[in-house]
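# Fold and contact review
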Amino acid sequence: MTAADRPTEVPALRGSGADRSEVGTLVVGGGPAGTAVLMAASRNGLLPEMLRRGLVVLDRRDRIGGGALNEYAINSDSAADTFLSVLDGHPDGLLDGVALSEEAQAIRRLGRGAVPLELAGRLLDRVGEALGRHLRNQACGAAMTGWHAVHTRRQDDGRWLTLVEQTPRPGVSRDTRPSPATLRGARRWILSTNVLVTTGGSQPEERIAEERVGGCHLPKSRLMQSDAVVRSGGAEIIRERFRGRAAPLAVVVGASTSAVSSAQVLLSSMPPDGRVVVLAREQLRVFYASAAEARAEGYSFDPERDVCPLSGFVFRFGGMRFDNRELVMRAFGLGGREPEPRLSIRSLRDGAGPDPEVQALFDRADLVVTALGYRPNALTVLDAGGRPIPLLAHQGWRQPMVGDGGCLLDGVGNEIPGLFGIGLASGFRPPAAMGGEPSFRGQSNGLWLWQNEIGRLLATGMVARLRAGPPTVPARPARGKKMRHDALAS
């Protein structure tokens with residue numbers, strides 16, 4: 001019997017029924033971001049109160065913890081000891097067993113080195129096991145694996161009613177119509193004061209269709225997105241694509257960590273006479289532990305805007321680290337490193353018309369990899385009348401999902417009380433109090449920040465809302481009762 005087959009006991013508080021439960025906090029997505037917030041809550045003494053008021057973690061997979069991390073074939077941009085540091089400081093020895101696990105010991109042997117994401121994912125699966133046991137041991141806690149959220153709807157008192165369904169298992173057709181009895185067992189409603197959305201991000205195909213690079217259309221028949229390149233199996237796809245081709249050319253579009261990671265995979269998978277060109281709209285930056293170290297290697301930076309005032313790091317947030325750092329430094333010949341002759345990095349120029357050099361590269365390329373970022377898999381949000389609430393993340397490709405307080409943003413940029421968000425593509429921009437270089441304009445997807453500063457921000461905000469009680473929103477029109485019935489029946 002799998003986790004999805006077993007009945008899940010959801011903590012039942014006042015006003016609950018067989019298919020409806022009331023809790024304080026619902027976490028939609030139990031992957032690295034969702035568990036990071038719970039780890040931060042634990043280390044800051046907030047988890048017991050969240051559990052007392054009811055806490056449910058929902059995930060479509062058969063486990064919580066590592067999410068899709070172990071599906072990637074690249075290294076992390078966080079040091080090994082960073083992964084282990086967040087296992088300490090939990091009351092009641094919550095993660096003591098994880099610290100002694102085989103995965104933790106393997107990471108410990110890497111010291112200050114990079115960690116393969118597959119190994120990091122297995123460590124976080126261990127964290128998820130420990131958190132899941134802890135939840136099950138509490139009267140008001142549960143980990144619902146094999147379930148996903150369909151939508152959440154604001155109630156008249158400001159709380160949120162979320163429809164959750166069992167996720168079809170592999171081999172079960174989504175088109176198979178379940179019987180009414182089966183449907184009742186596979187669908188539930190969870191009423192909560194807080195909803196934490198940690199549903200990750202994706203690279204939708206329509207982004208490629210709309211994108212212009214140097215004013216040029218992307219060659220549709222030779223495209224591959226960076227997420228597919230860096231996942232397990234990506235290297236095999238590339239080797240097959242280049243099989244029998246003399247001096248193959250691959251073009252990578254982007255200036256992110258994903259772009260450089262894709263270049264790494266391409267260089268290791270193509271024939272020795274192959275070549276990779278990275279087209280970057282922004283300057284590729286590298287991390288240094290100090291300004292003195294950067295100057296010693298002839299690296300140019302702004303000492304006021306590019307140095308973190310808290311740590312003294314150069315490009316703490318925006319700089320490449322570990323494998324990617326080394327590749328970029330070789331491309332630029334920094335620190336006396338021998339250049340990588342198969343790699344070149346070119347800056348994209350803005351212009352009114354197509355750039356002939358970019359067009360020539362696209363015409364010649366055997367493969368074009370797009371590393372244009374991720375779009376958040378935002379949860380569908382409804383107002384008290386059952387109407388969709390537009391989210392800012394859906395207004396444009398570069399719009400954030402969350403604001404400075406960690407809450408989801410509506411279509412005009414206002415935070416939605418009680419709906420919190422974190423994770424890949426959430427768009428959270430760390431405030432100055434969290435450090436980082438003043439010139440940083442991107443979003444933070446760092447696991448360490450999720451498990452520490454950002455996680456604490458969100459956990460504190462959710463507990464404050466639990467203590468204060470949600471604000472009452474304006475009552476719906478009288479026709480709202482019919483709309484409510486229709487929504488519950490959907």
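Residues numbered from 1 in each chain as written. Predicted model: local features only at pLDDT ≥ 70, side-chain atom pairs only at ≥ 80, totals over all residues. Heavy atoms only, no water.

### Some words on the overall build of the protein chain
Put simply, the rule is: Secondary structure elements follow DSSP: runs of H or I of four or more residues count as helices, runs of E of two or more count as strands, with numbering from the N terminus. Here the term buried applies to any residue with accessible area under 20% of the maximum for its type, exposed to any over 50%, and partly exposed to those in between, with areas from a 1.4 Å probe on protein chains only. Here the open area of atoms and residues is found with the Shrake-Rupley method and a 1.4 Å probe, where only the protein chains shown may cover a residue.
Helix and strand counts for the protein chain stand at 17 helices and 20 strands. Here the protein chain, with 490 residues, has 52% of them falling under the buried criterion. Surface summary for the protein chain: the accessible area is close to 22,300 Å², and the carbon and sulfur share equals 51%.

### Structural notes on the sheet that holds strand S15 (residues 343-347)
Sheet strands pair via backbone hydrogen bonds, and the direction of the pair is either parallel or antiparallel. Threshold: The pairing criterion for strands is at least two bridges between them, as found by DSSP. A fitted line through C-alpha atoms serves as each axis, taken over the contacting stretch for helices, and the angle formed by two N-to-C directions is quoted from 0 to 180°. Any pair of residues with heavy atoms lying within 4.5 Å of one another is described as a contacting pair.
Spatially, the 5 strands line up as an open sheet ordered S12-S16-S13-S14-S15, and their pairing is parallel. Among the strands making up the open sheet, the edge pair consists of strand S12 (223-225) and S15. Averaged over all pairs of adjacent strands, the angle between their axes in this sheet comes to 20 degrees, without regard to strand direction. Across 5 bridges, strand S13 (residues 249-253) lies against strand S14 (residues 275-280) in parallel orientation. Residue pairing for S14: Val252 is matched across the bridge by Val278. Strands in contact with helix H10 (residues 234-242) are S12, S13 and strand S16 (367-370); relative to S12, the strand with the most contacts, it is inclined by about 170 degrees.

### Here we look at the environment of Gly132
Within the fold, Gly132 resides in helix H6 (residues 117-136). Accessibility expressed as a relative area gives 3% for Gly132, which makes it buried. Here the alpha-carbon distance between Gly132 and Ala142, two residues 10 residues apart in the chain, equals 7.3 Å. If sequence neighbours within four positions are ignored, Gly132 has contacts with Ile64 and Ala143.

### Some thoughts on the pattern of salt bridges
Using the following cut-off: We define a salt bridge as a side-chain nitrogen of Lys or Arg found within 4 Å of a carboxyl oxygen belonging to Asp or Glu.
A complete count under the given rule lists 26 salt bridges for this structure. Note that Arg159 and Asp157 form a salt bridge whose closest N and O atoms lie 2.7 Å from each other. Judged by its relative accessible area of 17%, Arg159 is buried. A salt bridge links Arg364 to Asp366, with the nearest nitrogen and oxygen atoms 3.5 Å apart.

### Notes on the pairing of strand S8 (residues 187-197)
Within S8, 11 of the 11 residues are buried, leaving the element largely enclosed by the surrounding structure. Relative to S8, strand S7 (residues 160-166) is paired through 6 bridges, and the arrangement is antiparallel. Across the sheet, residue Leu163 finds its bridge partner in S8, namely Trp189. Sheet topology note: the S8/strand S20 (residues 415-421) ladder contains 3 bridges and is parallel. Looking at S20, one finds that Leu196 is bridged to Phe420.

### Section: the packing of aromatic side chains
Condition: We call Phe, Tyr and Trp rings a pair once their centres come within 6.5 Å, taking the six-membered ring for Trp, and we label the pair stacked below 30 degrees between planes, edge-to-face above 60, and tilted otherwise. Charges are assigned to positions over rings by a cutoff of 6 Å between ring centre and Lys NZ or Arg CZ, combined with an angular limit of 35 degrees from the ring normal.
Under the criterion given, the structure shown has 4 aromatic pairs. Ring centres of Tyr288 and Tyr299 lie 5.3 Å apart, and the angle between their planes is 40 degrees; on these two criteria the pair is classed as tilted. In this pair, Tyr288 is assigned in the loop between S14 and helix H12 (291-296) and Tyr299 in the loop between H12 and helix H13 (322-332), connecting sequence segments 11 residues apart. Per residue, the accessibility class of Tyr288 equals that of Tyr299, and both read buried. Centre to centre, the rings of Tyr299 and Phe315 are 6.2 Å apart; their planes meet at 75 degrees, and the pair counts as edge-to-face. Here Tyr299, found in the loop between H12 and H13, pairs with Phe315, found in the loop between H12 and H13; they are 16 residues apart in sequence, far enough to count as distant. With respect to burial, Tyr299 and Phe315 carry one shared label: buried. Three or more aromatic residues link up through ring pairs in this structure, and these residues are Tyr288, Tyr299 and Phe315. Here the basic side chain of Arg321 rests over the ring of Phe287, its NZ or CZ set 3.9 Å away from the ring centre. The aromatic ring of Tyr288 is capped on one face by Arg325, whose charged end is 4.6 Å from the ring centroid.

### What to know about helix H11 (residues 257-269)
Using the following cut-off: Take the residue count of a helix, subtract one, and multiply by 1.5 Å to get its expected span.
With 13 residues, H11 ought to run about 18 Å at 1.5 Å a step, and its terminal C-alpha atoms sit 18 Å apart, in line with that. Those residues of H11 not exposed but buried are Ala259, Val260, Ser261, Ser262, Ala263, Val265, Leu266, Leu267 and Ser269.

### Regarding the confidence of the model for the protein chain
Spelled out, the test is: pLDDT measures how confident the predictor is about each residue, on a scale from 0 to 100.
With 88% of its residues at a pLDDT of 70 or more, the protein chain has an overall mean of 86. A low-confidence stretch, residues 12-16 stays under pLDDT 50, and its non-local contacts, those more than four residues away or across chains, total 8 contacts. Below a pLDDT of 50 lies the segment residues 473-490, which in the model reaches 28 contacts outside its immediate sequence neighbourhood of four places, other chains included.

### Observations regarding H13
Among the residues making up H13, those that are buried are Asn324, Arg325, Leu327, Val328 and Met329. If you follow the buried residues of H13, they end up packed against H11, H12 and S15. Just beyond H13, the residue with positive phi is Gly333, at close to 65 degrees.

### Structural notes on the side chain of Thr162
Worth spelling out the cut-off: Polar contact criterion, stated in full: a pair of N or O atoms within 3.5 Å, where within protein one must be able to donate a hydrogen and the other to accept it, and residues adjacent in sequence count only if both atoms are side-chain atoms.
With respect to the helices, strands and loops of the structure, Thr162 is situated in strand S7. According to the relative accessible area criterion, Thr162 is buried, its value standing at 0%. Engagement of the side chain of Thr162 in a polar contact is seen with the side chain of Thr152, the distance being 2.8 Å.

### Thoughts on the packing of H10 against H11
For the record, the criterion: In what follows, roughly perpendicular refers to angles from 65 to 115 degrees, roughly parallel to angles under 35, roughly antiparallel to angles over 145, and oblique to any angle outside these ranges. Less than a right angle of anticlockwise turn of the near helix away from the far helix marks a crossing as left-handed, whereas a clockwise turn marks it as right-handed. Lys, Arg, Asp and Glu make up the charged group, whereas Ala, Val, Leu, Ile, Met, Phe, Trp, Tyr, Cys and Pro make up the nonpolar group; the residues left over, Gly among them, are polar.
Remark: H10 packs on H11, axes separated minimally by 9 Å, with the N-to-C direction vectors making an angle of 50 degrees. The angle between the axes of H10 and H11 places the two elements in the oblique class. Crossing of H10 over H11 shows right-handed handedness. Mapping the contact onto sequence places Ala235, Ile238, Arg239 and Phe242 in H10 and Val265, Leu266, Ser268 and Ser269 in H11. When grouped by side-chain class, the residues that make up the contact of H10 with H11 number 5 nonpolar, 2 polar and 1 charged.

### Some points on the nonpolar core
Across soluble globular proteins, nonpolar side chains show a tendency to be buried alongside one another. Applied cut-off: We call a set of buried Ala, Val, Leu, Ile, Met, Phe, Trp, Tyr and Cys residues a nonpolar core when their side-chain atoms join them within 4.5 Å.
Judged by nonpolar contacts, the single largest core of 118 residues is most densely connected at Leu87, Leu266, Val276 and Leu408. In terms of residue count, H6 provides more of this core than any other element does, 9 residues in total. With near-sequence residues (within four places) excluded, Leu87 lies in contact with Met39, Leu95, Val98, Ala99, Leu123 and Val127. Formed by 17 residues, the second largest nonpolar core is a distinct cluster that contains Ile208, Leu223, Leu249 and Val277.

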